[in-house]
Amino acid sequence: MELPGLRTWIVFYLISFVVLLWAAFLSAQGVMLWVSLFLVIIIVGLNFYTVYRQVQQHASRDALQKSLTEGFERDTQEQDDREKH
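Since the structure is predicted, the reported quantities are computational estimates derived from the model, not experimental observations.

1. Examining the packing of aromatic side chains
Aromatic ring pairs are described here by two measures, namely the spacing of the ring centres and the angle between the planes.
Then, in step 1: Inspection of the entire model under this criterion finds 1 aromatic pair.
Then, in step 2: Ring centres of phenylalanine 12 and tyrosine 13 lie 5.2 Å apart, and the angle between their planes is 75°; this geometry places the pair in the edge-to-face category.
Then, in step 3: Relative accessible area serves as the criterion here: at 35%, tyrosine 13 is assigned to the partly exposed category.

As structure tokens, this is what we get:
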């Protein structure tokens, strides 16, 4: 994760935590068990999907950086020869 997106991640996980607490409260009372289970499934699935997309985005950035810098190799011996003359 990048640092500018840190606030977004904190808010995202705080909201997720509150929804999971609410689902736990609903299931502890014994009412609306299917609603609490549905909320848990949605939040866990959304979290996995978000992390998966971040990993994909990071991998695509790495591939782009490698493709952009692929032809740029330093030839240190030629630079040393130029400096000697």
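2. Here we look at the packing of helix 1 (residues 6-29) against helix 2 (residues 33-68)
Two quantities define a packed helix pair, namely the angle between the helix axes and the distance between the axes.
Then, in step 1: At a minimum axis separation of 8 Å, helix 1 and helix 2 run at an interaxial angle of 160°. One element, helix 1, and the other, helix 2, form an angle in the roughly antiparallel class. When you trace helix 1 past helix 2, the crossing you get is left-handed. Touching Trp9, Phe12, Tyr13, Ser16, Val19, Leu20, Trp22, Ala23, Leu26 and Ser27 of helix 1 are Leu33, Val35, Ser36, Leu39, Val40, Ile43, Leu46, Asn47, Thr50, Val51 and Gln54, all from helix 2.
Then, in step 2: The class makeup of the residues in the contact of helix 1 with helix 2 is 15 nonpolar, 6 polar and no charged.

3. Things to note about helix 1
Then, in step 1: Between the first and last C-alpha of helix 1 there are 35 Å, a value that for 24 residues agrees with the 34 Å anticipated at 1.5 Å per step.
Then, in step 2: Residues Trp9, Ser16, Val19, Ala23 and Leu26 constitute the buried set of helix 1.
Then, in step 3: Buried positions along helix 1 lie against helix 2.
Then, in step 4: Backbone geometry just downstream of helix 1 places glycine 30 in the positive-phi region, at approximately 90°.

4. Quick notes on helix 2
Then, in step 1: The end-to-end C-alpha distance of helix 2, which contains 36 residues, comes to 53 Å, matching closely the 52 Å that a straight helix rising 1.5 Å per residue would cover.
Then, in step 2: Looking at helix 2, one finds that the buried residues are Val35, Ser36, Leu39, Ile43 and Asn47.
Then, in step 3: Against the buried residues of helix 2 lie helix 1.

5. Some remarks on the nonpolar core
Then, in step 1: Ranked by size, the top nonpolar core spans 6 residues in total: Val19, Ala23, Leu26, Val35, Leu39 and Ile43.
Then, in step 2: Mapped onto this core, the elements with two or more residues apiece are helix 1 and helix 2.
Then, in step 3: Among residues more than four places away in sequence, those in contact with leucine 26 are Val31, Met32, Val35 and Ser36.

Parameters at a glance
Residues numbered from 1 in each chain as written. Predicted model: local features only at pLDDT ≥ 70, side-chain atom pairs only at ≥ 80, totals over all residues. Heavy atoms only, no water. Phe/Tyr/Trp six-rings, centres within 6.5 Å; stacked < 30°, edge-to-face > 60°. Buried < 20%, exposed > 50% of the residue type's maximum accessible area, 1.4 Å probe, protein only. Axes fitted to C-alpha atoms, helices over the stretch in contact; angles between N-to-C directions. Helix = DSSP H or I, 4+ residues; strand = E, 2+ residues; numbered from the N terminus. Parallel < 35°, antiparallel > 145°, perpendicular 65-115°, else oblique. Left-handed = near helix turned anticlockwise from the far one by under 90°. Contact = heavy atoms within 4.5 Å. Nonpolar A, V, L, I, M, F, W, Y, C, P; charged D, E, K, R; others polar. Expected span 1.5 Å × (residues − 1). Core = buried A, V, L, I, M, F, W, Y, C linked by side-chain atoms within 4.5 Å.

By themselves, these observations are geometric and do not establish any function.
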